[in-house]
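Analysis of the macromolecular model
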Amino acid sequence: MTDNDRSMLIPRLAAFMEDYARCLDKDELERWPGFFAEQCIYKVTTYDNMSAGYPFGLIYADSRGMLHDRVKSLREANIYEGQRYRHIIGQPFVVQADGTEVRAETSFIVVRIMRNGETALFATGSYRDTLKVDSEGVALVERVVVCDSSRIDTLLALPL
Amino acid sequence: MTDNDRSMLIPRLAAFMEDYARCLDKDELERWPGFFAEQCIYKVTTYDNMSAGYPFGLIYADSRGMLHDRVKSLREANIYEGQRYRHIIGQPFVVQADGTEVRAETSFIVVRIMRNGETALFATGSYRDTLKVDSEGVALVERVVVCDSSRIDTLLALPL
Amino acid sequence: MTDNDRSMLIPRLAAFMEDYARCLDKDELERWPGFFAEQCIYKVTTYDNMSAGYPFGLIYADSRGMLHDRVKSLREANIYEGQRYRHIIGQPFVVQADGTEVRAETSFIVVRIMRNGETALFATGSYRDTLKVDSEGVALVERVVVCDSSRIDTLLALPL
C-alpha cells in the first residue's frame, strides 16, 4: 500500500470511527448494528486474555442479528438510564489494505458519567478491526475491542 | 452533502478546533474571541439542562464583545494563576453543510492541572457548533458546550 | 505557508504521531529510535521547568544511539513488566513549515495501566517537535515532551 492510498483511506475510516463513537455516546444504540456487515464478529476482550490465547472474550457476537438482540436486551434492562459514555478515539492506523479489505487499529479512551455526575476513566484500549471499504461505504467485518486493563467491570453491558 | 465535501471540510474544521484548544491550553486567552464571528453565541450547559429544555446555561454570551469582556475579567481575577487545562478533542463530525454554514459536533475531554501538580479529569462533553466556513476562514457563529456531567464546578470560570 | 500546504502536511504528521504512540503502547520499544533522525534531541521536561528556562529535563538524549542505549537498559531492567501505556494524541498543529523542516505541536494524554489492572491518568502535555519531512518520510530532529504537571514520577523510565 502506498502512502497515497493510506492518505485517502484514513479520513474515511476516521469519520466512520467517530460516528460509531457518537452513536454510543448519544445513546443511539439502535444505529449500532448498522456499523457492522451482516456477517460479522464483535468481541470484547482484554489484553491479558488475548495474549494468553483465549479465543472468547467478555462479549461475543457473530452476526448482525446478535447485535440487534443485544440492543433489545439493553433497552429492556434500561442499562442506559444510569450512565453515559464519552469516547475519545485516536486516528486509525492502517495495518494492511488489500483491495476492499482493510485492517486497522484505533486507540480509545472511554469515560463513564454516572447519573449523579461522577465522572471516571472507564476503559482504554484498542479497536482491532477488519473492515470492508468500498464505494458503498465502510462496514466492520470484525471488531475486536482489546481493553488494556483486565479489571473491566464484569457487569459490562454497554457496547464499547 | 457528498462524502467528498465532508472530506474537504473536516481537515479545515479539525485544524480550527485544535487551534481553539491550543489557545486555551497555552493561556492565550486574548486570542479566544477571535475564533468567533462578531455576531455569535457562546454557551456552556450540561446534558441534563439541555435535555430538560433550559435555554440558558452556566455561561452565556451573545456577542464577541462579551467574550472580550469575559477575558478581561478573567485576567483581573487572575483565574489562570492556579490552574492549567489540557484539551483532547475528537474529530469533528459534520452534521450538516449548507453553503458556507456548517453544523458540526466534536467530542472533548479536558484535564485540569493544578498549581501543585494534581491532575484530574475536569470535564467531558461535546461542542455543538454552527460555523461559517468560507474562503476567508472558519468562524464560530454558535458554540454550545454540552458537558456530560451536571457536576460541573459552579465556580467554572475558564472557557471550555 | 498556505492552507493547502498545511492540509497535505497534517495527515502525514498525524499518521507519524499515531505510529509513534502505537510503538510505545504496544511495547515495540526497539522501533522507537527509528522515529528520530540520526542527529536528534529527545527531551522530557515540565511546563514549569521550561518556563523557568532550565535547559535540561527529566530525560535528555542527543543522538539516536543514546535512544538505543536507553531501550537496552529498559529491557534489562524489565520496566515494561509491570505496566502499560495508552496514548491518545490530538491533531498535530503546524507552527511553521520551511522547506523540509516543520515545527509542530501535538497534545497528548497518557493513561497508565498497572499489572493489577489499575488505570490512572499518568501524564498530559504537548510534544514540541522539529521534524524533517521529505519524500523519504518523516523523522524527528527534536522532540521536547513538555509535561503539564511538575509532579511527574521521578522514576519515570518509559519514553513518552
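In this report, the structure presented in the accompanying data block is examined.

Reading the values: the criteria
Residues numbered from 1 in each chain as written. Chains lettered and ligands numbered in written order. Predicted model: local features only at pLDDT ≥ 70, side-chain atom pairs only at ≥ 80, totals over all residues. Heavy atoms only, no water. Helix = DSSP H or I, 4+ residues; strand = E, 2+ residues; numbered from the N terminus. Rg over C-alpha atoms; globule rule 2.2 N^0.38 Å. Expected span 1.5 Å × (residues − 1). Buried < 20%, exposed > 50% of the residue type's maximum accessible area, 1.4 Å probe, protein only. Arc of directions from axis to C-beta. Contact = heavy atoms within 4.5 Å. Buried area = accessible area lost by both parts, 1.4 Å probe. Salt bridge = Lys/Arg side-chain N within 4 Å of Asp/Glu carboxyl O. Polar contact = N/O pair within 3.5 Å; in protein donor to acceptor, adjacent residues only side chain to side chain. Nonpolar A, V, L, I, M, F, W, Y, C, P; charged D, E, K, R; others polar. Least-squares fit on C-alpha atoms with pLDDT ≥ 70 in both. Disulfide = S-S within 2.5 Å. Pairing = 2+ DSSP bridges. Lys, Arg positive; Asp, Glu negative; His and termini not counted. Phe/Tyr/Trp six-rings, centres within 6.5 Å; stacked < 30°, edge-to-face > 60°. Lys NZ or Arg CZ within 6 Å of the ring centre and 35° of its normal.

On a plain count of helices and strands, chain A comes out with three helices and seven strands. For chain A, the α and β elements follow one another from N to C terminus as α-β-α-β-α-β-β-β-β-β. For 160 residues, the compact-globule estimate of 2.2 N^0.38 gives 15 Å, and chain A sits close to it at 16 Å. Seen along its three principal axes, the alpha-carbon backbone of chain A occupies a region of about 50 × 30 × 30 Å.

So, about the environment of B:Val102. Here B:Val102 is to be found in strand β5 (residues 101-114). It is 12 Å that separates the C-alpha atoms of B:Val102 and B:Arg12, two residues lying 90 residues apart in sequence.

Another point: helix α3 (residues 64-77) of chain C. Residues and elements named next belong to chain C. Over its 14 residues, α3 extends 20 Å from the first C-alpha to the last, a length consistent with the 20 Å expected when each residue adds 1.5 Å. Turning to α3, its buried residues number three or more, namely Leu 67, Val 71 and Leu 74. In an axial view of α3, the angular spread of the buried residues amounts to 65°, which keeps them on one side of the axis. More than 90 degrees from the buried face of α3, the exposed residues found are Lys 72 and Glu 76. Elements that come into contact with the buried residues of α3 comprise β1 (36-46) and β2 (59-61). Of the residues flanking the end of α3, it is Asn 78, one or two places downstream, whose phi is positive at about 55°.

Much of the literature gives interface size as the accessible area that the parts lose upon coming together. Tallying the contact residues gives 22 residues for chain C and 20 residues for chain A. Of the roughly 1,800 Å² buried between chain C and chain A, counting both surfaces, carbon and sulfur atoms make up 53%. Viewed at the interface, chain A and chain C are joined by four salt bridges. Of the charged contacts in the structure, one is a salt bridge between C:Arg22 and A:Glu105, with a shortest N-O distance of 2.8 Å. Where chain C touches chain A, the interface holds nine residue pairs in polar contact (both at pLDDT 80 or more). By residue number, the principal contributor to the side of chain C that touches chain A is helix α1 (residues 3-25) of chain C, which donates eight residues. Classifying every residue of the side of chain C that touches chain A by side-chain character gives nine nonpolar, four polar and nine charged.

Below, the discussion takes up helix α3 (residues 64-76) of chain A. Taking 1.5 Å per residue, 13 residues should reach 18 Å; α3(A) reaches 19 Å between its end C-alpha atoms and fits that length. Where α3(A) is buried, its residues contact β1 (36-46) and β2 (59-61) of chain A.

Moving on to the relation of the copies chain C and chain A. Both copies of the chain are related by one operation, a rotation about an axis with a shift along it. Superposition of chain C onto chain A requires a rotation of 120° combined with a translation of 0.0 Å along the rotation axis, giving an RMSD of 0.0 Å. With respect to symmetry, the two chain copies, as superposed, fit the operation of a three-fold axis. Looking at the interface residues of chain C, only 14% of them are also at the interface in chain A, so each copy uses its own face.

The next point concerns the interface of chain C and chain B. Of the residues lining the interface, 19 residues belong to chain C; the matching set on chain B comes to 22 residues. The junction of chain C with chain B conceals about 1,800 Å² of combined surface from both sides, 54% of it contributed by carbon and sulfur atoms. The tally of links between chain C and chain B comes to four salt bridges. A salt bridge links C:Asp148 to B:Arg84, with the nearest nitrogen and oxygen atoms 3.1 Å apart. Taken together, the connections running from chain C to chain B amount to nine residue pairs in polar contact (both at pLDDT 80 or more). Those elements that provide at least two residues to the side of chain C that touches chain B are β4 (93-98), β5 (101-114) and β6 (119-134) of chain C. With five residues, β6(C) is the largest single contributor of residues to the side of chain C that touches chain B.

Another point: unusual backbone geometry. Positive phi, close to 55°, is recorded for A:Asp27, a residue that is not glycine. Within the secondary structure, A:Asp27 is located in the loop between α1 (3-25) and β1.

By definition, a disulfide links the sulfur atoms of two cysteines through a covalent bond. All names here are of chain A. All told, the structure shown has zero disulfides over all chains when counted by the stated rule. Free of any disulfide, Cys 23 has its nearest neighbouring cysteine sulfur in Cys 40, separated by 14 Å. Using a relative accessible area of 0% as the deciding quantity, one classes Cys 23 as buried. Between Cys 147, a free cysteine, and Cys 23, which holds the nearest cysteine sulfur, the sulfur-to-sulfur gap is 18 Å. The buried category is assigned to Cys 147, whose relative accessible area is 1%.

All names here are of chain B. Most of strand β1 (residues 36-46) sits inside the fold, with eight of its eleven residues counted as buried. In this sheet, strand β7 (residues 137-147) lies alongside β1 in parallel orientation, the contact comprising seven bridges. Paired with Lys 43 across the strands is Val 144, a residue of β7. Note that β1 and strand β2 (residues 59-61) share three bridges and pair antiparallel. Counted as the bridge partner of Tyr 42 is Ala 61 from β2.

Looking at the secondary structure, you find A:Glu18 in helix α1. Of the buried charged residues, A:Glu18 lacks a salt bridge, with A:Arg86 as the closest side chain of opposite charge at 6.8 Å. Those residues in contact with A:Glu18 that lie beyond four places of it in its chain are A:Ile89, B:Gly90, B:Gln91 and B:Ser107.

Let's shift gears to the packing of aromatic side chains. Counted according to the given criterion, the structure contains 27 aromatic pairs over all chains. Relative to C:Tyr127, the ring of C:Tyr20 has its centre 5.9 Å away and its plane inclined at 70°; by these criteria the two rings are edge-to-face. On the criterion of sequence distance, the pair formed by C:Tyr20 in helix α1 and C:Tyr127 in strand β6 is long-range, its members being 107 residues apart. On the basis of relative accessibility, which here comes to 2%, the residue C:Tyr127 falls in the buried class. Clustering of aromatic rings is evident, with ring pairs tying together A:Phe16, A:Tyr20, A:Trp32, A:Phe35, A:Phe36, A:Tyr42, A:Phe108 and A:Tyr127. The positively charged end of B:Arg143 is found above the aromatic ring belonging to B:Tyr127, 3.6 Å away from the centroid.

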